[in-house]
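Chain residues, written in single-letter form:
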Amino acid sequence: MTDDAYLFLVDGPATAPGAPVAVVGDLECLETPAVRAWLDAQGVTAASGALRLLPPEETAAIPEGAEKLPVPLSDEELLRLRHALAPGVHARVEEELLAYRDCAGDRDALLARAVAAGIAPHRIVELTGEDPATVTAVASKAAGRRG
């Protein structure tokens, strides 16, 4: 992951990731000589629908082969960008949460089986990334059932 946001160009702006620059509003980086030169070289303006912007945490969504340029954004500009992307970002994160729920649905049963198999709670924490208190609680329940 990078600390910079990215400007990039897409062929089909209607379904492209990122926010159109015009939606985000005025950005200081658009006035820099480097960004102006890049826009000129690409033959586009900041108002172009093909010009998109993604925050640092979303840059993996830039289509492969797209012309792109890292740009620094102020905290306020980054906040505006994230708000412009919120519906799309929320949908992706919700999909990830649902996938997590599906794979973690039997979490307690799996943790109990691990405890019953004799795996030490600290090792279960290391392997699963679960909170130590959660593993301890499941281990205590499992021990109570055996006793």
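Coordinates for the structure precede this section.
Residues numbered from 1 in each chain as written. Predicted model: local features only at pLDDT ≥ 70, side-chain atom pairs only at ≥ 80, totals over all residues. Heavy atoms only, no water.

**Some thoughts on the overall build of the chain**
What counts is decided by this rule: Helical segments are the DSSP runs of H or I of at least four residues, strand segments are the runs of E of at least two, and each set is numbered from the N terminus. Residue exposure (1.4 Å probe, protein chains only): buried if accessible area is under 20% of the type maximum, exposed if over 50%, otherwise partly exposed. Here, Shrake-Rupley sampling with a 1.4 Å probe gives the accessible areas, and only protein chains in the shown set may cover a residue.
Helix and strand content of the chain: 6 helices and 4 strands. Along its sequence from the N terminus, the chain presents helices and strands in the succession β-β-α-α-β-β-α-α-α-α. Expressed as a percentage of the 147 residues in the chain, the buried residues total 35%. Accessible surface, the chain: about 9200 Å² in total, of which carbon and sulfur atoms supply 55%.

**Regarding helix α2 (residues 33–42)**
Heads up, the condition is: Starting at the helix axis, one direction is taken to each C-beta atom, and the arc is that of these directions. Contacts are residue-level and defined by heavy atoms, with any inter-residue pair within 4.5 Å sufficient.
Restricting attention to buried positions, one finds in α2 the residues Val35, Trp38 and Leu39. An end-on view of α2 places all buried positions within 100° of arc, on one side of the element. Turned more than 90 degrees from where α2 packs its buried face, Pro33, Asp40 and Ala41 sit exposed. Contact partners of the buried residues in α2: β1 (5–9), β3 (51–54) and β4 (68–71). Positive backbone phi, at 75°, marks Gly43, one or two positions downstream of α2.

**Observations concerning the pattern of salt bridges**
Applied cut-off: Every case where a carboxyl oxygen of Asp or Glu lies within 4 Å of a side-chain nitrogen of Lys or Arg is listed as a salt bridge.
Evaluation of the coordinates by the stated rule reveals 4 salt bridges. Here Glu76 ties to Arg80 by a salt bridge, and the two come within 2.5 Å at their closest N and O atoms. Placement of the pair is Glu76 and Arg80 together in helix α3 (residues 75–104), with a separation of 4 residues, close to one helical turn. Judged by its relative accessible area of 25%, Arg80 falls in the partly exposed class.

**A short note on the sheet that holds β4**
Our working rule: If DSSP finds at least two bridges between two strands, the strands pair. For every element, the axis is a line fit to its C-alpha atoms; helices are fit only across the contacting stretch, and the angle between N-to-C directions ranges from 0 to 180 degrees.
Across the sheet, 4 strands lie side by side as β2-β3-β1-β4; this open sheet has antiparallel pairing. In this open sheet, the two strands that pair with only one neighbour each are β2 (19–20) and β4. As paired strands, β1 and β4 are joined by 4 bridges and run antiparallel to one another. By the bridge assignment, Phe8 is partnered in β4 with Lys68. In the packing of α2 onto the sheet, contacts are made with β1, β3 and β4, and the angle to β1 comes to roughly 20°.

**Observations concerning the pairing of β1**
With 5 of its 5 residues buried, β1 lies for the most part within the structure. Across the two faces of β1 the burial is the same, with Ala5, Leu7 and Leu9 and Tyr6 and Phe8 all buried. Sheet analysis places β1 next to β3, joined by 4 bridges and oriented antiparallel. Counted as the bridge partner of Tyr6 is Leu54 from β3.

**Here's the deal with the nonpolar core**
As a reminder of what qualifies: Residues grouped as a nonpolar core are buried Ala, Val, Leu, Ile, Met, Phe, Trp, Tyr and Cys residues, joined through side-chain atoms within 4.5 Å.
Formed by 28 residues in total, the largest nonpolar core has its most connected members in Leu7, Leu53, Val71 and Leu73. Every element with two or more residues in this core is listed here: β1, α1 (21–24), α2, β3, β4 and α3. Among the nonpolar cores identified, the runner-up in size contains 10 residues, and Ala114, Ile124, Val125 and Val138 belong to it.

**Some thoughts on the packing of aromatic side chains**
The description of an aromatic ring pair uses the distance of the two centres, along with the angle that the planes make with each other. To keep it simple, the criterion reads: Put simply, two rings from Phe, Tyr or Trp (the six-membered ring, in Trp's case) pair if the centres are within 6.5 Å, and we call them stacked under 30 degrees between planes, edge-to-face over 60, tilted for the rest. Put simply, a charge is over a ring when the Lys NZ or the Arg CZ is close to the ring centre, within 6 Å, and near the line of the ring normal, within 35 degrees.
Counted according to the given criterion, the structure contains 0 aromatic pairs. Positioned above the aromatic ring of Tyr6, the side-chain terminus of Lys68 is 5.7 Å from the ring centre.

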